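Breakdown of the fold
If you want the building blocks of each chain, they are given just below.
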Amino acid sequence: MSNFKYKLSKEMSEKFADINIELSETVHGVACTVPLESWLEVSKTLRDDDAFQFEQCLDVCGVDYLTYGEAEWQTDDVSSTGFSRGVKSNGPGRFSWSERREESIPNRFAVVAQLLSLKYNRRLTIKCFAPDEGMLMVPSLVEIWPGVNWFEREAFDLYGIIFKGHPDLRRILTDYGFIGHPFRKDFPLIGNVEVIYDEDKGRVVYQPVSIEPRVLVPKTIRRDSRYVESMNEQENS
Amino acid sequence: MSEIKNYTMNFGPQHPAAHGVLRLILELDGEVVEHADPHVGLLHRGTEKLAESKPFNQSIGYMDRLDYVSMMCNEHAYVRAIEQLLGIEAPIRAQYIRTMFDEITRVRNHLMWIGTHGLDLGAMALFLYAFREREHCMDMYEAVSGARMHATYYRPGGVYRDLPDHMPQYAESKWTKGKNLAYANEWRNGSLLDFIEAFADDFPNKIGEYRTLLQDNRIWKQRTVGIGVVSPEEAKAWGFTGPMLRGSGVAWDLRKKQTYAAYDKVDFDIPVGVNGDCYDRYLVRMEEMVQSTRIIKQCVQWLKNNPGPVMVDEYKVAPPDREMMKEDMESMIHHFKLFTEGYTVPAGEVYAAVEAPKGEFGVFMISDDSNKPFRMKIRAPGFAHLSAMNDMVKGHMLADVVAVIGTMDIVFGEIDR
C-alpha cells in the first residue's frame, strides 16, 4: 500500500510542479491541497491523464474549520476544585441562534473531494479552500464528474459554499424555505425554528425553538503521549 | 378544449413504492417521463452534526439508523475510520466476526430489496417468503447484540462481545406448541454459530425458490429487461458503486480490491452483469446472496475452531471487563474515563470505506486531537445512485419509474442522513 502512495505522490509532484500543491500521505491514500485557481485544471488532469485516471469522484463535502482545535476542558494544569477546569466556550451545542458568534478565520471553509481510480486501484483526497473574502465561491466539478451534482448541492445547502458553473444549485437536504447553513460551526445544534401544529390556525406553523442548548460531555483535547511517541518514531525512522 | 402537452405529477412522499419518503416531481408527456426531479431530505436528521457534538463511541448507534436495513456495514465503516486514525487493529477473531456479520447484513439487505422490489412490480408472494428468511437474520442480530435491528455491535478495536454459546429458544405459548414449537426450535439447540450454519446450509435452497418465482417469469422480465440501462461509462461518471456498478459490467468490489476485515482469507466470487439493466442488477444481487452464504459458512468454520479475544487489549480505547473494574483501581479509572470523556483520537484526516450491500459506504473523518470528531462526512451509496434518477428514467414509462426506484435499492436513512 505505502508503495502506491509514494508513487502517486511522486507522479503528482512531478506533474503539477508549477502549481503550488501540498501533498501528504494518509492512511487510505494520498491527500492533496490544491489552490483555488487550479482546482478545475488539476481535477481535469487527474481524470484524463493516463498516469492518474481517477474515473470516479465518490464524494464532495464541505468543511468548516471554525473552532478547530478549541477545547472546552483544561487539560494542562491540575486543579484541586473539580469543575474549575471547564473553559468558557462556544463549541457545538453550547449556544442558541441569538448567541451565535459571527467571526471569521482565515481558510475557514474547504471543499474536499474523494477520488478513486478503478484502473490503478488508488484513492486520492483533494481539498481546496474557499476564498476568505467576498463570495464563498469554488468552481464546480460537475463538468468533470457529473455524479458530484448532488454532493455539491449538499455542500451548498449545509455550508453555503457556492459552486460556480453548477447547473442546478438548489438546497437539497434542508426544509423548503430553510434559513441558514446548518453544518456551519456557528449554527446552533438545536437549530433555530421548530415545527408545531397550531390548533387555532388549523395548520402547521414555525416558531422559535423552545429547547435549551446543552452539552453532556465537554470537548477535550489530549495530546496523548503514546501517539506523540509513535509519531516521533515515524518521523525519525 | 385546448390540448395539454406536458404535465407535472407529484409522486410521493407518501407512496408505497417511494421506499420511504422520496418525493418525485415528474414531468410527463402522456405516460412518458420527460424529466424527474427527486426531492430528498425529508428524513434529514443531521447525523453528521450530531456526531460532531458527541464522543466517538456514542455515535455508533447513529450509524445503524443511516441505512436501516444494513446496519452493521455502516458501523463497520465508522469504526474502521476511528481505528485507522488511532492506528489500532481489531483481533483476528473480531475481524472474522465482522466479516460474517457483514455478510449476514448483505443477505438481510438483499432480502429486503428483493421483497420490496418484487412487491413494487407485482410479485406479492415473494415479499412474504423473503421476510420469512429475513427473520432468521434478525434473530442472529438479536442473539449477538440484544437488538433485532439497531445493533451497535461493532466497536473501535473489535466487537462488543463474543458470540453467545446458546441460541435463545422459543418458549411454549398458546400459538407455538407441540410440533410447531419443535419446528421453531429446530436450529436453536446449539450455539449461535450452529444456528447460522443451519441457516447458511438451508438458504441456497430458498434462493432457488425465489428464482423459481422470478427468473423466467414473463411479467418479471417484461418489467425489468431493458429498463434503466446504464452503460459502464455512465455508471463510473455518475459515481455508482456496488451492484449498480457491477450490474453494468464493471468488476469492482472493495472486498476484493481494497480488502478489509477477513475478506482476503475467505473464498468467494464477484458476480458481474452484462447489459446494465434492472434484470442484470437483479441477477447480480441474487448471486451475491449465494456468495454471501459461502463466506458465512467459511467464517462459521473458522470461528468454531479458533477461540480468542474479540477486543483489543488497550484500555485507552476499549473498556476493561466488568469484574476487573470491581477489584482493580486502574481498571476502574479507565472505565470511568472511557464512559465519561471517551478517548481522544490523534489529529488527522481519513476516508474509510466498506463494500456495503448498496455500494461503497464511506466515512470521511477529520479529528483535531479531541474526544469528538471535528468533521464527519458520510458517503452514502444511495445518494449518488438517486442523483442519477433523472438520467435513468428519462424516456421511460411512468410504471418504469417504480422499477428503477426498486433497482436502486434506496433507503432514505442513508440518503438524507
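Since we're looking at a predicted model, the values are computed, not measured. (Residues numbered from 1 in each chain as written. Chains lettered and ligands numbered in written order. Predicted model: local features only at pLDDT ≥ 70, side-chain atom pairs only at ≥ 80, totals over all residues. Heavy atoms only, no water.)

What follows deals with the overall build of chain B. When helices and strands are tallied, chain B shows 18 helices and 8 strands. Over its C-alpha atoms chain B spans a radius of gyration of 23 Å, differing by no more than 12% from the 22 Å that the globule rule assigns to 417 residues. For chain B, the residues scored as buried account for 60% of the 417 residues in total. Partitioning the contacts of chain B with sequence separation of at least 6, the portion at a separation of at least 24 is 69%. When the accessible area of chain B is evaluated, it comes to approximately 15,600 Å², of which 53% is carbon and sulfur surface. For chain B, the distance from the average position of its 47 positive side-chain charges to the average position of its 58 negative side-chain charges is 3 Å. (Helix = DSSP H or I, 4+ residues; strand = E, 2+ residues; numbered from the N terminus. Rg over C-alpha atoms; globule rule 2.2 N^0.38 Å. Buried < 20%, exposed > 50% of the residue type's maximum accessible area, 1.4 Å probe, protein only. Contact = heavy atoms within 4.5 Å. Areas by Shrake-Rupley, 256 points an atom, 1.4 Å probe, with all protein chains shown as cover. Lys, Arg positive; Asp, Glu negative; His and termini not counted. Charge placed at Lys NZ, Arg CZ, Asp CG, Glu CD.)

We now examine helix α3 (residues 149-159) of chain A. In terms of burial, α3(A) is largely enclosed, as 11 of its 11 residues are buried. Restricting attention to buried positions, one finds in α3(A) the residues N149(A), W150(A), F151(A), E152(A), R153(A), E154(A), A155(A), F156(A), D157(A), L158(A) and Y159(A). Looking at the buried positions of α3(A), the neighbouring elements they touch are β3 (56-64), β4 (109-117) and β7 (162-164) of chain A together with β3 (32-39), β8 (375-379) and α15 (381-387) of chain B. Count one or two residues on from α3(A) and you reach G160(A), which has phi positive near 75°.

What follows is about the UniProt feature "transmembrane region" (unreviewed entry) in chain B. UniProt's entry tags residues 110-131 of chain B with the feature "transmembrane region" (unreviewed entry), counted in the numbering of this structure. The span residues 110-131 of chain B is 86% helical and 0% strand by assignment, and the distance between its end C-alpha atoms comes to 11 Å. (UniProt positions renumbered as here; feature names shortened; annotations may be inferred.)

Before going further, it helps to spend a moment on the sheet that holds β8(B). Residues and elements named next belong to chain B. A sheet is described by the order of its strands in space; here 3 strands give the open sequence β6-β7-β8, paired in antiparallel fashion. Because the sheet does not close on itself, it has two edges, and the strands there are β6 (348-356) and β8. Pairwise comparison of adjacent strand axes, ignoring direction, gives a mean angle of 10° for this sheet. Examined bridge by bridge, strand β7 (residues 359-367) and β8 share 5 bridges and lie antiparallel to one another. By the bridge assignment, I366 is partnered in β8 with R375. (Pairing = 2+ DSSP bridges. Axes fitted to C-alpha atoms, helices over the stretch in contact; angles between N-to-C directions.)

All names here are of chain B. Among the structural elements, A17 can be located in the loop between β1 (6-11) and β2 (23-29). When its relative accessible area of 6% is taken as the criterion, A17 is described as buried. Along the chain, A17 and A403 lie 386 residues apart, while their C-alpha atoms are 9.1 Å from each other.

A few words on the UniProt feature "domain: NADH-quinone oxidoreductase subunit D" (unreviewed entry) in chain B. Residue and element names in this part refer to chain B. Under the feature "domain: NADH-quinone oxidoreductase subunit D" (unreviewed entry), the UniProt entry names residues 120-171 and 192-417. Between the first and last C-alpha atoms of residues 120-171 the distance is 36 Å; the span itself is 44% helix and 8% strand. As annotated, residues 192-417 has a helix share of 52% and a strand share of 10%, and its two end C-alpha atoms lie 32 Å apart.

This part covers the pattern of salt bridges. All names here are of chain B. Counted by the stated rule, this structure contains 41 salt bridges over all chains. The partner of K265 in a salt bridge is D264, with the nearest N and O atoms 3.7 Å apart. Salt bridges linked by common partners bring E103, R106, R246, D253, R255, E288 and E355 together as one network. (Salt bridge = Lys/Arg side-chain N within 4 Å of Asp/Glu carboxyl O.)

Residues and elements named next belong to chain A. You can see Y206 is positioned in strand β9 (residues 203-208). Through-space distance from the C-alpha of Y206 to that of V193 is 6.1 Å; in sequence the pair is 13 residues apart. Each residue touching Y206, except ones within four places of it in the same chain, is listed here: D175, Y176, V193, E194 and V195. In terms of polar contacts, Y206 uses its side chain to reach the side chain of D175, at 2.5 Å. (Polar contact = N/O pair within 3.5 Å; in protein donor to acceptor, adjacent residues only side chain to side chain.)

With that out of the way, let us pick up the environment of E22(A). All names here are of chain A. Tracing the backbone shows E22 in strand β1 (residues 22-25). The exposed category is assigned to E22, whose relative accessible area is 56%. Taking the C-alpha atoms as reference points, E22 and T33, separated by 11 residues in sequence, lie 5.0 Å from one another. When sequence neighbours within four positions are dropped, the list of residues in contact with E22 reads A31, C32 and T33.

Moving on to the confidence of the model for chain B. Across chain B, the average pLDDT comes to 89, with 100% of residues at 70 or higher. On the interface metric, ipTM, the complex scores 0.87, and its pTM is 0.90. (pLDDT = per-residue confidence, 0-100.)

Moving on: a nonpolar patch on the surface. Residues and elements named next belong to chain A. Side chains of V193, V195, Y197, V204 and Y206 sit close together on the surface and give an oily, nonpolar patch of about 500 Å² of accessible area. Secondary structure elements with two or more residues in the nonpolar patch: β8 (193-198) and β9. Tallying contributions element by element places β8 first for the nonpolar patch, with 3 residues. The residue V193 is located in strand β8 in this model. (Patch = residues over 30% accessible without salt bridge, like charges linked within 9 Å, V, L, I, M, F, W, Y side chains within 5 Å.)

This part is about unusual backbone geometry. A positive phi angle, close to 50°, is found at Q53(A), a residue other than glycine. Turning to its location among the elements, Q53(A) is positioned in the loop between α2 (39-48) and β3. A positive phi is found at T152(B), a non-glycine position, where the angle reads about 50°. Considering the arrangement of structural elements, one finds T152(B) in the loop between α5 (124-145) and β4 (154-155).

Contact residues are listed per partner, giving 61 residues for chain A and 63 residues for chain B. Carbon and sulfur atoms supply 57% of the area buried between chain A and chain B, which totals about 5,100 Å² over both sides. Put simply, chain A and chain B have 9 salt bridges between them. On the surface where chain A and chain B come into contact, there are 30 residue pairs in polar contact (both at pLDDT 80 or more). When contributions to the side of chain A that touches chain B are tallied by element, the ones reaching two or more residues are β3, β4, β5 (122-129), α3 and α4 (225-236) of chain A. Broken down by element, the residue count for the side of chain A that touches chain B peaks at 9 residues, all from β3(A). For the side of chain A that touches chain B, the residue count by class is 33 nonpolar, 12 polar and 16 charged. (Buried area = accessible area lost by both parts, 1.4 Å probe. Nonpolar A, V, L, I, M, F, W, Y, C, P; charged D, E, K, R; others polar.)

Moving on: the nonpolar core. Grouped together as the largest cluster of nonpolar side chains are 177 residues, with contacts concentrated most on M100(B) and F101(B). Not counting residues within four places of it along the chain, the set of residues in contact with F101(B) comprises M72(B), M140(B), Y141(B), V144(B), Y153(B), Y154(B), L163(B) and L192(B). (Core = buried A, V, L, I, M, F, W, Y, C linked by side-chain atoms within 4.5 Å.)

Quick look at the pairing of strand β2 (residues 30-33) of chain A now. All names here are of chain A. Residues of β2 alternate between two faces, with V30 and C32 on one and A31 and T33 on the opposite face, all of them buried. Here β1 runs beside β2; their pairing, made up of 4 bridges, is antiparallel. Residue pairing in the sheet places E22 in a bridge with T33 of β2. Counted along the chain from β1 to the antiparallel partner β2, the turn is 4 residues long. Inspection of the sheet shows β2 paired to β5 by 4 bridges, in the parallel sense. Within β5, the residue paired with T33 across the bridge is K127.

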